[in-house]
Amino acid sequence: MDTRSFQQRIVQTRKSLFEQGYIDEQFVQLEELQDDENPNFVAEIVTSYYSDSARLIQKIDHALTRHPLDFDLLDDHMHQFKGSSSSIGAKKVVQECTHFRDRCAAGNVDGCMKSFQIIKQEHSVLRNKLEAYFQLMTSTEGY
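Every chain's residues receive numbers from 1 upward, in the order its sequence appears when written. The predicted origin of the model limits local features to residues at a pLDDT of at least 70 and limits the giving and counting of side-chain atom pairs to 80 or more, whereas totals for whole chains, interfaces and linings rest on all residues. Hydrogens are left out, water is left out, and the side-chain values use all remaining heavy atoms of the structure.

### Details of helix 5 (residues 91-105)
Then comes step 1: In this description a helix means any DSSP run of H or I spanning at least four residues, a strand means any run of E spanning at least two, and both kinds are numbered starting from the N terminus. Every helix has an expected span of 1.5 Å times one less than the residues it contains. Its 15 residues give helix 5 an end-to-end C-alpha distance of 21 Å, which sits within 8% of 21 Å, the value for a rise of 1.5 Å per residue.
Then comes step 2: For each residue, the accessible area found with a 1.4 Å probe, counting protein chains only, is set against the maximum for its type, and the residue is called buried under 20%, exposed over 50%, and partly exposed in between. All of the buried residues along helix 5 are V93, V94, E96, C97, F100 and C104. Along the axis of helix 5, the buried positions cluster into a sector of 165°, meaning they face one direction only.
Then comes step 3: A positive phi of about 70° marks G107, the residue just after helix 5. By arc we mean the arc of the directions from the helix axis to the C-beta atoms, nothing more.

Right, dumping it as structure tokens:
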């Protein structure tokens, strides 16, 4: 594949992340901070996010096994998770975090459980999509 078509593939992959609603303008702001001195800045931030978010997911998972549910604790954990997700522009994850918090506020146990499953799914899908995007980005360095 020539350099131009490779670049087009990167542009299209990035565009699809926006069009499908996986990322938002915060991701663009992160990309704007990347420069020649720190060419992997965004990938490093996203890697850090996934490391931290894995810990938060475990905390939320654990809190969801306690009976009765501590909705205040769940909301605190989800507030952290939502903030972290927002900082990288994880649009779908942030939207689902909002739904989860709404269900917490309503004391809706089943709603929280279902919402959390969706959050984990969106979190995983985004991870796979971003990994593929970053892999394309690093592949162009050889061109």
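Next comes the rest of the description.
### Thoughts on the pattern of salt bridges
Then comes step 1: By salt bridge we mean one thing: a side-chain nitrogen of Lys or Arg within 4 Å of a carboxyl oxygen of Asp or Glu. Tallying each qualifying case throughout the model produces 5 salt bridges.
Then comes step 2: We note a salt bridge from K120 to D61, for which the minimum N-O separation is 3.4 Å. Of this pair, K120 sits in helix 6 (residues 109-139) while D61 is found in helix 3 (residues 41-65), placing the two residues 59 residues apart along the sequence.
Then comes step 3: Overall, K120 belongs to the partly exposed group, its relative accessible area being 23%.
Then comes step 4: On the accessibility criterion, D61 (30% relative accessible area) is partly exposed.

### Details of the UniProt feature "domain: HPt" (unreviewed entry) in the protein
Then comes step 1: UniProt positions are given in the numbering used here, feature names are shortened, and annotations may be inferred rather than shown by experiment. When the UniProt feature table is mapped onto this chain, "domain: HPt" (unreviewed entry) is found at residues 38-133.
Then comes step 2: With 86% helix and 0% strand, the stretch residues 38-133 has end C-alpha atoms that lie 18 Å from each other.

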